[in-house]
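Take a look at the letters that make up each chain.
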Amino acid sequence: MNVGLIWAQNPDGVIGADNGIPWRLPEDMAHFKATTLGHPVIMGRRTWDSLPARFRPLSGRRNIVVTRNPDWTAEGAERAGSLAAALELAAEARPEPGTAESGRERPSAWVIGGGEIYRAALPYATTLSVTEVDAPVTGDTFAPPLDPAWRITEDTGWRSSTTELRYRIRRYTRP
Ligand code: NAP
Ligand code: VY7
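One structure accompanies this document, and this report is about it. Chains are numbered independently. Their residues run from 1 in the order of the written sequence. Chains carry letters from A onward and ligands carry numbers from 1 onward, assigned in written order. Residues qualify for local features only when their pLDDT is at least 70, as the model is predicted, and side-chain atom pairs are given and counted only at 80 or more; totals for whole chains, interfaces and linings, by contrast, use all residues. Side-chain numbers come from the whole structure's heavy atoms, not from hydrogens or water.

## Re the environment of Arg56
For step 1, the next point in the chain: A run of H or I in DSSP becomes a helix once it reaches four residues, and a run of E becomes a strand once it reaches two; helices and strands are each numbered from the N terminus. By the secondary structure assignment, Arg56 is in the loop between α2 (45-50) and β4 (63-66).
For step 2, the next point in the chain: We call a residue buried when its accessible area falls under 20% of the maximum for its residue type, exposed when it is over 50%, and partly exposed in between, using a 1.4 Å probe and counting protein chains only. For Arg56, a relative accessible area of 29% corresponds to the partly exposed category.
For step 3, the next point in the chain: For the pair formed by Arg56 and Arg45, sequence separation is 11 residues and the distance between their alpha carbons is 12 Å.
For step 4, the next point in the chain: Should any heavy atoms of two residues lie within 4.5 Å, those residues are counted as being in contact. Excluding residues within four positions of it along the chain, Arg56 makes contact with Trp48, Asp49 and Leu51.
For step 5, the next point in the chain: Here the side chain of Arg56 touches Leu51 through a polar contact of 3.2 Å, landing on its backbone oxygen. Any pair of nitrogen or oxygen atoms within 3.5 Å is treated as a polar contact; in protein, a donor-acceptor pairing is required on top of that, and neighbouring residues in sequence qualify only through side-chain atoms on both sides.

In structure tokens:
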């Protein structure tokens, strides 16, 4: 099964601060929604908690939440006790082989954070969508380090947000 990881980071690798994202970038939220819509999304329990309640579960997607707590439940979410269990759940409704969904560039599930889950999921990933946001912030949660096998296959180049921030969206794949 093709697994993608999608995150937004600043140039220092910061992805989070105080259980939130320390910038607001509407263009990246739109990119995140367009990319993940129609696919199962897998997230850590802290990332679930970080979503504003009115946006939970993320609409139009199966929401699979990874937690070690066997008693955890939330309306609209499926619980998984490990990343492997989350991937098995996500794989239950498989697309037919040979459809666009089965290509390496079109993952059948997206891992949407946060830091702990990205580190655990990176070995399973076939593609990454990384938004780099030129935000001078400090944080407490970081993107996983990428080994050199990951190659940039798409790059929007720097764009200006309606906010004052610049950002670029890159796609990575590896053999
Ligand atoms: P996280 O990865 O979202 O969630 C961690 C939790 O997941 C753990 O406390 C545990 O839940 C569960 N977990 C982790 N590994 C597990 C495993 N192997 N098996 C079972 N359960 C496991 O937390 P985080 O690293 O603190 O990241 C949250 C931060 O990232 C927030 O600041 C958020 O805003 C940010 N974020 C940023 C982006 C971005 O693109 N910039 C995207 C997503 C999130 P229990 O404690 O319940 O057992
Ligand atoms: C997470 C939100 C957080 C705070 C307020 C609204 C990339 C991002 C993430 C995660 C950006 C978020 C939201 C935005 C998405 C909407 C629902 C409301 C939707 C990631 N590149 N960027 N993120 N929502 N994993 N990767 O902003 O969400 O999709 O329906």
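## Side note on the site of ligand 2
For step 1, the next point in the chain: Near, as used in this document, describes a residue that has one of its heavy atoms within 4 Å of the molecule or strand being considered. Around ligand 2, a shell composed of 17 residues is seen, among which Ile6, Trp7, Asp28, Arg61 and Ile112 lie nearest.
For step 2, the next point in the chain: With respect to ligand 2, the side chain of Asp28 contributes an N or O atom lying 2.6 Å from a nitrogen atom.
For step 3, the next point in the chain: Within the side chain of Tyr118, an N or O atom sits 3.5 Å from a nitrogen atom of ligand 2.
For step 4, the next point in the chain: Summarising the interface, the protein chains cover 89% of the accessible area of ligand 2, which totals 610 Å² for the free molecule.
For step 5, the next point in the chain: More than half of the atoms belonging to ligand 2 lie within 2 Å of the grid points that define the largest pocket. Each accessible area is a Shrake-Rupley estimate made with a 1.4 Å probe; only the visible protein chains count as cover when residues are assessed. Throughout, the protein atoms alone are placed on a 1 Å grid, and a set of points is a cavity if a 1.4 Å probe fits but cannot get out or a pocket if it is open with protein on both sides within 12 Å along at least five of seven lines; lining residues have an atom within 4 Å of a point. Throughout, a molecule is located in a cavity or pocket provided that more than half of its atoms lie within 2 Å of its grid points.

## A closer look at the site of ligand 1
For step 1, the next point in the chain: The full set close to ligand 1 counts 27 residues, and Ala8, Arg45, Arg46, Thr47 and Thr67 are the nearest of them.
For step 2, the next point in the chain: Note that an oxygen atom of ligand 1 is positioned 2.8 Å from one of the side-chain N or O atoms of Arg45.
For step 3, the next point in the chain: Interatomic distance of 2.8 Å between a side-chain N/O atom of Arg46 and an oxygen atom of ligand 1.
For step 4, the next point in the chain: For ligand 1, the protein covers 87% of the area, taking 930 Å² as the surface of the free molecule.
For step 5, the next point in the chain: In this structure the site holding ligand 1 corresponds to the largest pocket.
For step 6, the next point in the chain: Of all the elements in the fold, those that place two or more residues in the shell around ligand 1 are β1 (3-9), β2 (14-16), α2 and α4 (115-121).

## Some points on the pattern of salt bridges
Pairing between side chains of opposite charge can happen when their charged atoms approach one another.
For step 1, the next point in the chain: Criterion for a salt bridge: a side-chain nitrogen of Lys or Arg within 4 Å of a carboxyl oxygen of Asp or Glu. Scanning all chains against the criterion turns up seven salt bridges.
For step 2, the next point in the chain: The closest approach of N and O atoms between Arg168 and Glu132, which form a salt bridge, is 3.0 Å. Residue Arg168 is located in strand β11 (residues 166-173), and its partner Glu132 is located in strand β7 (residues 127-133); the two are separated by 36 residues in the primary sequence.
For step 3, the next point in the chain: Its relative accessible area of 14% is what places Glu132 among the buried residues.
For step 4, the next point in the chain: Measuring nitrogen to oxygen at the nearest pair gives 3.2 Å for the salt bridge that ties Asp134 to Arg166. With a gap of 32 residues between them, Asp134 in the loop between β7 and β8 (141-142) and Arg166 in strand β11 connect regions that are remote in the sequence.
For step 5, the next point in the chain: Sharing partners across several salt bridges, the network here consists of Glu132, Asp155, Arg168 and Arg170.

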